[in-house]
Amino acid sequence: MELPNYRLPSLGTVCRLAWGKAKEFAKKAFTVVFAATILIWFLQTFDVRFNVVADQSQSMLAAIGAVFAPIFAPLGFGDWRAATAVLTGFMAKENVISTITQLVGGNLALLTTIFTPLAAYSFLVFVLLYTPCVMSIITVRSELGGKYAAAIVVVQCIIAWIVAFVVHGIGLLLGLG
């Protein structure tokens, strides 16, 4: 079999290809983050009776986060805002930062009440290791089937929880907590 001649691509071709891919990613990421931000805003603004809340801890978002917060308490970040950020990260990991930013509203003092330095490190480890995003799970489901996709999500979440728990535990033993 004869192989074609390989040539170094021109700078213009590389730039056009890189620009197209970057533009496509930015458009997709912006759409997902924007939609998630609107959903988060809605959930933190209204309670279950669709009344505007004065304190976001009375919102639908707080209620949802409070259900999942005990799962993350052994990891050091058992606050409903942190749990909510983890949940929105299932849509896209970029949403974790967007959620925290929206819930804290630029108040860094509030951020330090949610996370100690050790809890923040444990949170970052968990977010790094848990399920990448919905799109990757959809891809796995289409390639391997629904059972495998569900198993992968569960296994990745369990591994992330265990590793973050170990990191938090070691930090506590070293007196960093």
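Given the structure is predicted, the values throughout are model-derived calculations rather than measurements. (Residues numbered from 1 in each chain as written. Predicted model: local features only at pLDDT ≥ 70, side-chain atom pairs only at ≥ 80, totals over all residues. Heavy atoms only, no water.)

Participant: Describe the overall build of the chain, naming the residues involved and giving the relevant values.
Facilitator: Looking only at helices and strands, the chain features 8 helices and 0 strands. Ordered by position in the sequence, the α and β elements of the chain form the string α-α-α-α-α-α-α-α. Relative to a compact globule of 177 residues, whose C-alpha radius of gyration would be 16 Å, the chain shows 20 Å and is clearly more extended. Counting only C-alpha atoms and orienting by the principal axes, one finds that the chain spans roughly 70 × 45 × 35 Å. The burial tally for the chain puts 32% of its 177 residues in the buried class. Long-range contacts, defined as pairs at least 24 residues apart, comprise 56% of the intrachain contacts of the chain with a sequence gap of at least 6. (Helix = DSSP H or I, 4+ residues; strand = E, 2+ residues; numbered from the N terminus. Rg over C-alpha atoms; globule rule 2.2 N^0.38 Å. Buried < 20%, exposed > 50% of the residue type's maximum accessible area, 1.4 Å probe, protein only. Contact = heavy atoms within 4.5 Å.)

Participant: With reference to specific residues and values, describe helix H1 (residues 11–45).
Facilitator: Over its 35 residues, H1 runs 49 Å from end to end, which matches the ideal 51 Å to within 8%, given 1.5 Å per residue. Of all the residues in H1, the buried ones are Ala29, Ala36, Ile40, Leu43, Gln44 and Thr45. (Expected span 1.5 Å × (residues − 1).)

Participant: Describe in detail the environment of leucine 172, supporting the description with residues and values.
Facilitator: You can see leucine 172 is positioned in helix H8 (residues 146–173). The partly exposed category is assigned to leucine 172, whose relative accessible area is 47%. Expressed as a C-alpha distance, the spacing of leucine 172 and glycine 78, which sit 94 residues apart in the sequence, is 16 Å. Dropping the residues within four chain positions of it, leucine 172 is found in contact with Leu118 and Gly177.

Participant: An account of the side chain of threonine 131 is needed here, citing residue identities and associated values.
Facilitator: As for its placement among the helices and strands, threonine 131 is situated in the loop between helix H6 (117–129) and helix H7 (134–144). Setting aside chain neighbours within four positions, we find threonine 131 in contact with Phe90, Lys93, Ile137, Val153, Gln156 and Cys157.

Participant: Any chance you could break down the pattern of salt bridges for me, citing the residues and the numbers?
Facilitator: Per the stated rule, a full pass over the model turns up 1 salt bridge. We note a salt bridge from arginine 81 to aspartate 79, for which the minimum N-O separation is 2.8 Å. The pair formed by arginine 81 and aspartate 79 is uniform in burial state, with each residue classed as buried. (Salt bridge = Lys/Arg side-chain N within 4 Å of Asp/Glu carboxyl O.)

Participant: Could you give an account of helix H4 (residues 94–104), with specific residues and numbers?
Facilitator: Judged by how many residues are buried, H4 sits mostly within the fold: 8 of 11 residues are covered. Buried within H4 are the following residues: Asn95, Val96, Ser98, Thr99, Ile100, Gln102, Leu103 and Val104. In this fold, the buried residues of H4 make contact with H1, helix H2 (60–72), helix H3 (80–88), helix H5 (108–114) and H6. Taken from the residues just after H4, glycine 105 is the one with a positive phi, measuring 65°.

The values are spatial; any link to function lies outside them.
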